[in-house]
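Observations on the three-dimensional arrangement
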Amino acid sequence: MSEKINIRLDDKTVEGIRGETILELAKRNNIEIPTLCNDPRIEPYTSCFICVVEVEGFRGLQPSCSTKISEGMTIHTNNERIKKARKTALDLLLSNHYADCVGPCKQACPAGVDVQGYISLIDKGMYNEAVALIKETNPLPAICGRVCVRPCEADCRRNLLDEETGVGIDYMKRFAADYDLESESKFKPQIKDSTGKKVAVIGAGPGGLSAAFFLQKEGHQVDIYEAAPKAGGWLRYGIPEYRLPNDLLQKEVDNITEMGVNIFFNKKLGDNLEFADIKADYDAGILAIGSQIGTLIGCEGDDAENVHPGIYFLKEMEVSGKHYDFKGKRVAVIGGGNTAMDCCRTAKRCGAEEVFVIYRRTEKEMPANPIEIHESKLEGVEYMFLTNPRKVNKDEEGKVKSISCLKMKLGEPDASGRRRPIPIDGSDFDLQIDFILAAIGQKTNVNFLKNLNKNYSGEELKTNRWGDIDANSETLQTGIKSIFAAGDGVTGPATLIEAIAQAKIASNSCNQFLLGQEIVPPKKEFLSKKDNFKKQVPEDYLGHFEKQMRDEMPTLDPSNRSNFEEVELGYNSEDVAKHEAQRCLECGCNEYFTCDLKKYSTEYNAEQNKFSGEFNEYQVDFRHPYIEIDNNKCVLCSRCIRICHEVVGANALGLVNRGYETYVAPSFGNSLSDTPCESCGLCISTCPTGAITENVIFKPGPVKLNQAETICNYCSIGCDISLNYKKDFVMKVTGNEGLINNDGNLCKYPKFGYHYLNDVSRITKPLLKVNGRFEEISFKKAYEIIAEKIKNVEPDDNVFFTGARLSNEEMYLVQKLARNGAKTNNVTSFHYLNRGNGYIGNSIENVPFEQIKDANKIYLIGAEINKDNAVAGFMINNARQKNNIPIELISTDKNSSMKHKVDEAIFIKSYYYFIKAVNYYLIANHFENALFIKDNCSDFEEYKKKVLKENFVELVKLSGVKYMDNIIEFAKEFNNQMNAIIVFSEKEISSNASFELFNLAMITGKLGKTSSGLISLKEKNNSQGLFDMGICPTLGVGSQAILDKPLQRKMKKLWHTRNLPKTVNVSQYESLEKGILKNIFIFGEDPMGCALNKVQVAGWLSIVDYVVVQDYFLTETAQMADLVLPASFPIETGGNYTNTQRVIQKFEKHFDKKVKKSSYKQMIDILKKLGSREESKSIEGVMSEAMSLLPINNIGKKFKFNYTSNNNNNRIFNHGCDYINKRFDEEFEQAF
Amino acid sequence: MENTKVIVGLGTCGIAAGANKVFNQLKLVKETENLDFKLKKTSCIGMCYREPLVEVIDKSGSYFYGNVDEKKAKEIIEEHIKKAKPIKDYVVYTDLFDTPEDDFVQGQVKITLRDCGYIDPESIEEYEERKGYRAMKKIAGQRISRLDVIQTILKSGLRGRGGGGFPTGLKWKFANDNKSDEKFIICNADEGDPGAFMDRSVLEGDPHAVIEGMIIGAYAIEATSGVIYCRAEYPLAIKRLNIAIRQAREKGYLGKNILGLNGFNLDLYIKEGAGAFVCGEETALIASIEGERGMPRKRPPFPAASGLWKKPTNINNVETFANIPWIILNGAEEYAKYGTEKSKGTKVFALAGKIKRSGLVEVPMGMSIRDVIFKLGGGIKDGKKFKAVQMGGPSGGCIPEHLADTIVDYDSVNATGAIMGSGGMVVMDETTCMIDIAKFFLDFTQKESCGKCTFCRIGTKRMLEILTRITEGKGEEDDIEKLEELSYQIKDNSLCGLGQTAPNPVLTTIRYFRDEYEAHIFDKKCPAKVCKALLTYEVDPEKCTGCTVCAKNCPSNAIDGARKETHFIRQEDCINCGMCYTKCKFDAINIS
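Throughout, residues of each chain are indexed from 1 in the direction in which the sequence is written. Lettering of chains starts at A and numbering of ligands starts at 1, both following the order in which they are written. Totals for whole chains, interfaces and linings use all residues, but because this is a predicted model, local features are given only for residues with pLDDT of at least 70 and pairs of side-chain atoms are given and counted only at 80 or more. Only hydrogens and water are set aside; all other atoms, that is, all heavy atoms of the structure, feed into the side-chain values.

**Examining the overall build of chain A**
Summing up its helical and strand segments, chain A has 42 helices and 46 strands in all. Projected onto its principal axes, the C-alpha coordinates of chain A cover approximately 135 × 85 × 60 Å. The buried share among the 1232 residues of chain A stands at 61%. Of the accessible surface of chain A, which amounts to about 49,600 Å², a share of 48% is contributed by carbon and sulfur atoms. Working convention for charge: Lys and Arg count positive, Asp and Glu count negative, and His plus the chain ends are omitted. To locate a charge, take NZ of a lysine, CZ of an arginine, CG of an aspartate or CD of a glutamate. Both charge centroids of chain A, one from 155 positive and one from 166 negative side chains, sit 4 Å from each other. In this description a helix means any DSSP run of H or I spanning at least four residues, a strand means any run of E spanning at least two, and both kinds are numbered starting from the N terminus. Accessible area is worked out with a 1.4 Å probe on protein chains only. A residue is then buried under 20% of its type maximum, exposed over 50%, and partly exposed in between. Residue burial considers only the protein chains on display, and all accessible areas are found by Shrake-Rupley using a 1.4 Å probe.

**Section: the nonpolar core**
By size, the foremost hydrophobic cluster in this structure holds 176 residues, and its most contacted members are Tyr118, Leu287, Leu860 and Val983 of chain A. Ranked by residue count, the leading element in this core is helix 18 (residues 496-514) of chain A, at eight residues. Should any heavy atoms of two residues lie within 4.5 Å, those residues are considered in contact. The residues touching Leu860 of chain A, leaving out its near neighbours within four places in the chain, are Ile865, Ile876, Ile887, Glu888, Leu889, Ile890, Met898, Val902 and Val983 of chain A. Counting 70 residues, the second largest nonpolar core, distinct from the first, contains Val52 of chain A together with Leu308, Cys450 and Tyr517 of chain B. For this analysis, a nonpolar core means a set of buried residues of the types Ala, Val, Leu, Ile, Met, Phe, Trp, Tyr and Cys, connected via side-chain atoms within 4.5 Å.

**A few points about the sheet that holds strand 7 (residues 221-225) of chain A**
All names here are of chain A. At least two bridges found by DSSP between two strands is the condition for calling them paired. Spatially, five strands are ordered 8-7-6-9-21 in an open sheet, and the strand pairing comes out parallel. Only two strands of the sheet have a single neighbouring strand rather than two, namely strand 8 (262-264) and strand 21 (483-485). Strand after strand, the sheet turns through a mean of 20° between neighbouring axes, direction not considered. As judged from the five bridges shared by strand 6 (residues 198-202) and strand 7, these two strands associate in the parallel manner. By the bridge assignment, Val199 is partnered in strand 7 with Val222. The convention used is that axes are lines fitted to C-alpha atoms, helices contributing only their stretch in contact, and that angles between N-to-C directions extend from 0 to 180 degrees.

**Some thoughts on the environment of Ser1067 of chain A**
Residue and element names in this part refer to chain A. Looking at where Ser1067 falls in the secondary structure, it is placed in the loop between helix 35 (1045-1055) and helix 36 (1068-1074). Residues Ser1067 and Thr1034, spaced 33 residues apart in sequence, show a C-alpha to C-alpha distance of 9.9 Å. We define a polar contact as two N or O atoms separated by no more than 3.5 Å, with the added condition that, inside protein, one atom must be a possible hydrogen donor and the other a possible acceptor, whereas residues neighbouring each other in sequence contribute only through side-chain atom pairs. From its side chain, Ser1067 meets the backbone nitrogen of Glu1070 in a polar contact 3.0 Å long.

**Regarding the packing of aromatic side chains**
Stacked, tilted and edge-to-face pairs are distinguished by plane angle, under 30 degrees for stacked and over 60 for edge-to-face with tilted covering the rest, among Phe, Tyr and Trp rings (Trp via its six-membered ring) whose centres lie within 6.5 Å. Counted according to the given criterion, the structure contains 70 aromatic pairs over all chains. Taken together, a centroid distance of 4.9 Å and an interplanar angle of 80° make the contact between Tyr592 of chain A and Phe593 of chain A edge-to-face. Assessed through its relative accessible area of 13%, Tyr592 of chain A is described here as buried. The class for Phe593 of chain A is partly exposed, based on a relative accessible area of 37%. Here Lys347 of chain B stacks its cationic end above the ring of Phe349 of chain B, 5.8 Å away from the centre of that ring. By definition here, charges over rings are those cases where NZ of Lys or CZ of Arg is within 6 Å of the ring centre and within 35 degrees of the ring normal.

**Brief notes about empty space enclosed by the protein**
Residues and elements named next belong to chain A. Grid points spaced at 1 Å over the protein atoms alone were grouped into cavities, where a 1.4 Å probe fits but cannot get out, and pockets, open sets with protein on both sides within 12 Å along at least five of seven lines, with lining residues defined by an atom within 4 Å of a point. Grid points are joined across faces, edges and corners, and a volume is the space filled by probe spheres set on the points. The tally for this structure, following the rule as stated, stands at 17 cavities of 30 Å³ or more. Roughly 150 Å³ of internal volume is contained in the largest cavity. Considering the residues around the largest cavity, the lining is formed by 17 residues, among which Asn713, Ile721, Leu723, Tyr756 and Leu757 are closest to the centre. At the level of elements, strand 26 (706-711) and strand 27 (720-726) are the ones that each hand at least two residues to the lining of the largest cavity. Residues are grouped as follows: Ala, Val, Leu, Ile, Met, Phe, Trp, Tyr, Cys and Pro are nonpolar; Asp, Glu, Lys and Arg are charged; every other residue, Gly included, is polar. Of the residues belonging to the lining of the largest cavity, the class tally is 14 nonpolar, three polar and no charged.

**A word on the pattern of salt bridges**
Residues and elements named next belong to chain A. The rule for a salt bridge is simple: a side-chain nitrogen of Lys or Arg has to be within 4 Å of a carboxyl oxygen of Asp or Glu. Per the counting criterion, the structure on display carries 122 salt bridges over all chains. Between Glu379 and Arg561 there is a salt bridge; the shortest N-O distance is 2.6 Å. Here Glu379 is found in the loop between helix 15 (370-378) and strand 14 (382-384), whereas its partner Arg561 is found in the loop between helix 18 and helix 19 (574-581), with 182 residues between them in sequence. Neither Glu379 nor Arg561 differs from the other in exposure class; each is buried. Salt-bridge contacts for Glu1148 lead to Lys1146; the nearest nitrogen and oxygen are separated by 3.5 Å. With relative accessibility at 43%, the residue Glu1148 sits in the partly exposed group. Since its relative accessible area comes to 46%, Lys1146 is described here as partly exposed. Taken together, the shared-partner salt bridges connect Arg243, Asp342, Arg345, Arg349, Glu372, Glu375, Glu379 and Arg561 into one network.

**Regarding helix 11 (residues 246-257) of chain A**
Residues and elements named next belong to chain A. Given a helix with a known number of residues, its expected span is that number minus one, times 1.5 Å. Helix length check: helix 11 (twelve residues) gives 16 Å between terminal C-alpha atoms against 16 Å at 1.5 Å per residue, within 8%. Within the span of helix 11, buried status applies to Asn246, Leu248, Leu249, Glu252, Val253, Asn255 and Ile256. Of the surrounding secondary structure, the elements contacted by the buried residues of helix 11 are helix 6 (141-147), helix 8 (169-182), helix 9 (206-217), helix 10 (234-237), strand 8 and helix 13 (310-320).

**As for the pairing of strand 27 of chain A**
Within a regular strand, the side chains alternate between the two sheet faces. Residue and element names in this part refer to chain A. The buried fraction of strand 27 amounts to six of the seven residues, a majority that puts the element mostly inside the structure. Relative to strand 27, strand 26 runs antiparallel, the two sharing six bridges. Bridge pairing in strand 27 places Asn706 opposite Tyr725. By the bridge criterion, six bridges tie strand 27 to strand 28 (residues 729-735) in an arrangement that is antiparallel. Of the residues in strand 28, the one forming a bridge with Leu723 is Val733.

**A word on a positive patch on the surface**
Residues and elements named next belong to chain A. Residues with no salt bridge and a relative accessible area higher than 30% make up the patches, which join like charges within 9 Å and nonpolar side chains (Val, Leu, Ile, Met, Phe, Trp, Tyr) within 5 Å. A contiguous patch of positive charge, built from Lys1045, Arg1049, Lys1052 and Lys1062, is present on the exposed surface. Summarising the element assignment, Lys1062 is placed in the loop between helix 35 and helix 36. On the basis of relative accessibility, which here comes to 66%, the residue Lys1062 falls in the exposed class.

**Section: the interface of chain A and chain B**
Contacts between the two partners involve 36 residues from chain A and, on the opposite side, 29 residues from chain B. A buried area of about 2,800 Å², summed over both sides, lies between chain A and chain B, and 53% of it is on carbon and sulfur atoms. Inspection of the chain A/chain B interface yields three salt bridges. Its salt-bridge partner being Lys461 of chain B, residue Glu614 of chain A comes within 3.2 Å of it at the nearest N-O pair. Scanning the region where chain A abuts chain B turns up 18 residue pairs in polar contact (both at pLDDT 80 or more). Secondary-structure elements contributing two or more residues to the side of chain A that touches chain B are strand 4 (62-63), helix 2 (80-94) and strand 23 (653-656) of chain A. Among the elements that take part in the side of chain A that touches chain B, helix 2 of chain A stands out by supplying seven residues, more than any other. Summed over both partners, the accessible surface that disappears when two parts come together, traced with a 1.4 Å probe, is what is meant by buried area.

**Observations concerning the confidence of the model for chain B**
By definition, pLDDT measures how confident the predictor is in each residue, and it falls between 0 and 100. Predicted confidence across chain B gives a mean pLDDT of 93, with 100% of residues reaching 70 or more. Across the interface, the model reports ipTM at 0.91; the global pTM reads 0.92.

**Considering the sheet that holds strand 12 (residues 386-391) of chain B**
Residue and element names in this part refer to chain B. Taken in spatial order, the five strands make up an open sheet running 11-10-14-12-13, and their pairing is mixed. The outermost strands of the open sheet, each flanked by one partner alone, are strand 11 (359-364) and strand 13 (397-400). Strand-to-strand twist in this sheet, taken as the mean axis angle between neighbours without regard to direction, amounts to 30°. With four bridges connecting them, strand 12 and strand 13 associate as antiparallel partners. The residue bridging Ala388 from the neighbouring strand is Pro400, located in strand 13. Running at roughly 115° to strand 12, helix 15 (residues 369-376) makes contact with strand 10 (346-353), strand 11, strand 12, strand 13 and strand 14 (424-429) of the sheet. Its contacts with the sheet put helix 21 (residues 504-521) on strand 12 and strand 13, and the angle it makes with strand 13 is roughly 35°.

Structure representation (structure tokens):
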């Protein structure tokens, strides 16, 4: 009984349990105390000091993870002193956290587009999802993919490698966006339920369109008022078509109007649009008016004819639909920005003889995109750098005649950081020119202000000193509370992506306004940055990545550009986009979404530079194939070290050095793969940051993942796991606090053995072998063939094999298929083939796993638990570490991998004879528990008689123990232990040895006792299901004898048949050996791939007439089949498994099936084809049909002593005869 | 002559000063001339500054000769031993006439060090002669109960001499209250404070006193075995401890049914520590004995409840144990006569730094620091001005001159911001830069941090960086505040004493010498003229003789000047190394 005590916790009286820590108490009372070094799975350690709290009467703050509560304690968990301490701890940790939370690309993007995330999705061909991710912050990816100025690429770290070519981020974005636009499953944003609020957006440029997108998504009705006849703003009227085709622009506009946004054209505020009307009809407004006024050169004579602001020149052509005719003319473009580029390249396309760009600095200082400069040169534009126009000279008619310029030189850097141009005296020269296009700036037109402001009293929309709209820089709210502003109208002429970024902020604020919330900018998330420590240089990256030059964008041939066709042609295949995606260096942290350090640093406003000083820099350790160690991110909480010691028992990790130089490393500084590491990945699961992560083979993003909860389908423990996936691609597996693994621990199989789920080489359609090659056929055809094959032979010429990985439902249907379809009892599994029937009772009366911790001693007899059933191994090791429970190993393998995790070990030659000798000794010396036997067991006397006839000395000799005393001591000690558990594995123990273990448990009176008795471990997730679902010639559902009358009656009634097979051929092994079978049906097993003796299995399969295999992949067995059926993954149907302790575990369907018909539907279809009366059933329906055949109860049935005269055959297949196990076992072996 | 005893001090301090040579010389003369005086060894008597020390005891009394070398040794034999004429000039202390070290000796009360320098530490008989093992025999003979032993210690007022000052009797009581089939008693001999050597001297000079103390402690708490955790850098102590343990076993002080006490079994083992400072912390010490990385853990549970191998464990330091036999033998009241109300008995201090008499002293609690330094220690070397004394090592702090009248007891010293600690007293004069001192101690703790707690691991590193920056003239305006803020946070949020006290040297120097910090930060000056980066070296034209020595020795060739002409230091090339200052024979280099 736990003792209750009273505690004051944050000014409330709560009930505490004596012995618990403050952290545990707080958790129970839903108070979250941050901690980095605590994990409930391991003992408290106390190193991070993030979890400190104040306890009245205690000096200093107390770490809550290791401070136990006591009666009357008064605890405060969150006052200013505590917050300060936590923040300082975080500041200190961050001062030595040389790592990036996100890549420089995302940091550089004004809109914060998750570049690394969408590259990861492009890598997997998830283009719609990539666009969805981009559109979280940028609603115009196809446009951006063409005309963005790409600060992301400028900051990309690939620039430090590969000859300064950053990753082709924009090219990939364009590819994904174009793909999405044409795709049937085009991304459509989810729109929230209508709020009934209305917003007017002024201007349909990028800012206005984006604001409309974000606000409409929030459930508001957005109407856009646009002065021009078409949408797009400068995207349409400024950017020429050869860069951004109008129809493409229109598609993205349409995407937004399809959301319900209305655009009213030719409505100009203060002109033909009264603000009073807006105010009357709308709850809020967003001004996205842009900068509409072009400026001239500002020198003498710039009023001459044929001198235009560049943007008017561009706009004029778009409005009129006619191109200027510059044939034979000389055109000067003044300026060095992107508008200048648009002007000069357009001028060329308008037929100009010569085009000069006049720029007062050098090419290096030009703000235009380098790619634009490059293309313009290809198109024949000439550059006059370090040149400044001084005067425009007119002819008599007032037309421009020439331009007088001055040569310049560069001086000291100015406020912008660029070197200031200084005129060179006397360097004047004249240039003959016919047209001048001034691309040197734009201004915002605010002539509507009066019209607007007169509608408000006490509030006023103002302009700032540059003449732009004045808005709060963080919220973009204007002087009028209901009006927000975004884009060039606020910032002055800027870039597309900046306008989008502003639209996001303004609409966020506007949304808050509409919902009546306080208007606050989004909370700034903490981001750790390597740049906070030092500037990144090529040496930091060289040698760590393979060189891969950029896949450049194909362009129109320069000789072919005297038109307005789009110059950049886009990546022409998915392969190119995916190939370019490989260049991403994944600078951002894989644990971005899950890192506790980041979470708390954001919460406590921690600062990385507060205590900056010397920092430790480490190389990331990729030597282990599944686990990577990045010490730069480590906070030295030692959770990895401790879980490896306390739970796994491998002790593969440790601390090296002392003080500030301390770091975590595999033992002896080796590669983790050269330590006793068991590759379970528990270190990954416990790491609070990204210091120990999965070494994945694909681009993990990171992206936000969905979780599909299911049951592991490797071994028979039955762990609850979550597949973390995006679309249908599983990126990670995590443990849940399940029924069996209630602390969420997992082993290597589920943790790293998930790649098969992503394998695109899966079989999806039936395959018929024709002339030695497989051809796809229809399911109908496949069923016809199967039915014909079955009908053409005697019922017992057929045999049905069933894999131990199948769900109970599938197993039930296979045995029904045999018994009611083919009318034969020939249904079995390769898994248990020819291994006797001693395993049938193994799972009866097992000690539940959770009682392991209460045992006095645990014996491992033939159980390499850390390899095959590791989670059970964790429970045992944890019991040893925590509760000092001694473990004894009895093994035939002198190099057993369990050797270093046990207290004692006996090495023997035969488990069977060892146990038998023990039984003999106990009975011969009258040590049997007579009372227990009398009450609970049958057939003891017979057993005793037979055993005592054997020769003890001979048994001892056969067991292979070194001394006879080993057996006697074991027998006595086991018998005398109050709570002793024997753990054994069917993989190592023969079925007759299982019988004898069962006998031993009965002799000593330990069977079925609390924390005492047997724990059997099976090889596959549903090995037990085979017995329970009647996958055995002699047994029906519920392990009932198949020829039992009551069962037969039930089956006949349930299956609407009078005709059930009357004979039982016990040994399918013999039938296979004799070659008397005609048709073999194999559901989910790979006997060829897993055989210890392949020749033997090949013989069986080749001698029969027809082999049908159902599987996920073309296994070695499937390749030998005549007909292959595709199998569905369990996660595609749902169902039940029965674990080794006979716990029935249900799992749900989460994924859409990749096969047209799931496995169990195929089985039902075949049954129908064979004349069985089947209704179309759900998976639950199948289960309830199976359940109805179960016996009423087993109460009062006694345990039976089974005498065995000698040892019998052990398994003839590896990997539980399952392809998935085999695949991972082999992958694992090859990885090291 | 046959009754004359010549005793050579062969502690580590003596050996370092050349005592082995003196001993060998004496032995050689004695053997070659076949003289029949008794030549014996002992350990340090505390007068380390006078080593090698040779004591001659003849009919008239005892004479301590100081700074003895081979030549003097010969003279002593010739004059004193052969002719019975003590060489008064060489005698540093005797009861018979006034000597220079009278103050040093007469101000002391020796309880802990009662045998040090008087007995051969490798002889159990000599220890027994000076009442050794009588305390244990008293317990056995009078059948004094365990509780009575604990009561005596409680009454004596003895507090832990390792620095914590926790009442020893109470500690024993807790360990006794926790019942278990197995208990441990541990002697913490991991003395690690820079400048402290009290424990080493006791272990080298009187190992049996510590062993007897442990036996009594084991008896009191029912410990079944004991461990002496001693740093491997103390080879002589370990050697003598091993000898002593062997002798104690042979004599039946260790083993089964000790001194006829049925069921009282005890054996002792030595665990050599690798010299990690943090292993002086009891939980880290226990982890180290268990073979784990020496890192502390959260207390409670205290070792008295769950210590070594999770069994009840009592840990005391060397000095504490050495006091025990004396208390049992002489009674709690006798012990409590010395000291103040809350700090009873005596305390051993290691005097070091800029003090005339550096060595070991044992004084009754309550003596003023000024008396310790000036009366016993003889004041400051070279006629310089006393500035401060650092007490408690890296965990302690600096007590400034104006607080020198503070008395030595736990609470008075704590009130200054320093701690009593294990007894290191580092004396500083006007040429000591207090920031440099703070930096020195912080550098020590920072390097000795085990790396577990965030604040200690990173916080002390950052503090050290700030201090370094200040001494390099790169101090920033808010550095003092930053240091204080970090200090309080580190003290508040560290698991063990190392982290909890590491900022003390910084805090006390800021408290008492803030102006010095400000001079470094704002004026870019080091008033003590220690921080090289803040100094400018200039040639005094008055004094310069043009000897060229400075120019020749300047590593950066920053000194110009022809022979016999005034030299000149080019400041732009000067690297502030101070070589010119060191080399100038005419005091012609001015530092400012």
